[in-house]
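Single-letter residue listing:
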Amino acid sequence: MPTFPTDNPAVQAQLDAQVDLFSQMSRHAVDAAGQLGELNLRMMRQMIDDSIRFGRALAACKDPLQMSAVAMRETQPAAEHWRAWQNELVKVLGAGTATLTRDANNGGWQAARSAESFMQAGSGGAAPDGKAAHAPLR
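Cut-off values and rules
Residues numbered from 1 in each chain as written. Predicted model: local features only at pLDDT ≥ 70, side-chain atom pairs only at ≥ 80, totals over all residues. Heavy atoms only, no water. Helix = DSSP H or I, 4+ residues; strand = E, 2+ residues; numbered from the N terminus. Expected span 1.5 Å × (residues − 1). Buried < 20%, exposed > 50% of the residue type's maximum accessible area, 1.4 Å probe, protein only. Phe/Tyr/Trp six-rings, centres within 6.5 Å; stacked < 30°, edge-to-face > 60°. Salt bridge = Lys/Arg side-chain N within 4 Å of Asp/Glu carboxyl O.

Undergrad: Explain helix α1 (residues 9–59) to me, please; I cannot follow it from the model alone.
TA: Each α-helix turn comprises 3.6 residues. Residues three or four places apart therefore point the same way. The end-to-end C-alpha distance of α1, which contains 51 residues, comes to 74 Å, matching closely the 75 Å that a straight helix rising 1.5 Å per residue would cover. Looking at α1, one finds that the buried residues are A10, V11, Q14, A17, L21, A32, L39, M43, D50 and A57.

So this is what it looks like as structure tokens:
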């Protein structure tokens with residue numbers, strides 16, 4: 001595995017910027033995964049409660065013709081729970097995407113600035129034609 005020369009401050013700054021970017025992105029991804037887990041756990045609990053309530057309501061029916069009306073009445077809360085779960089899911093995913101995008105944008109610019117300073121330090125500045133010169137790592 002190749003080793004990187006870390007005695008150059010520009011290289012160290014570049015590596016630090018990359019590590020910071022990846023640590024921020026992974027931290028936000030783990031937070032979003034935790035929020036999704038909590039959201040799904042709440043939904044599963046609500047589904048179990050709705051199923052128990054639905055079963056009890058059907059078991060309490062004395063007339064078989066009454067079961068369809070009871071079934072329609074008891075599915076309304078379950079549908080509302082599904083809709084609330086879907087809204088929360090979109091919020092969590094949207095917030096996670098926005099955060100990751102912001103981190104990637106900020107980290108990308110930071111890494112680009114570090115890379116530019118590394119290239120200028122390694123090449124001694126710009127080439128005579130005004131373009132950045134690329135010097136190999138030693």
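After that view of the structure, there is still more to cover.
Undergrad: Explanation requested: the packing of aromatic side chains in the structure shown.
TA: Aromatic ring pairs are reported here in terms of the distance separating the ring centres and the angle at which the planes meet. This model, assessed by the stated rule, comprises one aromatic pair. Plain terms: the ring middles of W82 and W85 are 5.6 Å apart, the flat faces sit at 90 degrees to each other, and that makes the pair edge-to-face. With W82 and W85 both in helix α2 (residues 67–123) and three residues apart, this pair spans about one turn of that helix. Owing to a relative accessible area of 42%, W82 belongs among the partly exposed residues under this scheme. For W85, a relative accessible area of 22% gives the class partly exposed.

Undergrad: Even after reading the chapter, I still don't get the pattern of salt bridges, so can you show me in this structure?
TA: Opposite charge on two side chains permits them to pair, given that their charged atoms come into close proximity. Counted under the stated rule, the structure contains four salt bridges. A salt bridge links D50 to R53; the nearest nitrogen and oxygen atoms lie 2.4 Å apart. On the criterion of helical spacing, the pair formed by D50 and R53 is a turn pair, its members being three residues apart in helix α1. Since its relative accessible area comes to 37%, R53 is described here as partly exposed. In this structure, R53 and E74 form a salt bridge, with 3.8 Å as the shortest nitrogen-oxygen distance. Here R53 is found in helix α1, whereas its partner E74 is found in helix α2, with 21 residues between them in sequence. Looking at E74, the relative accessible area reads 15%, which means it is buried. Counted as one network, the salt bridges with shared partners bring together D50, R53, R73 and E74.

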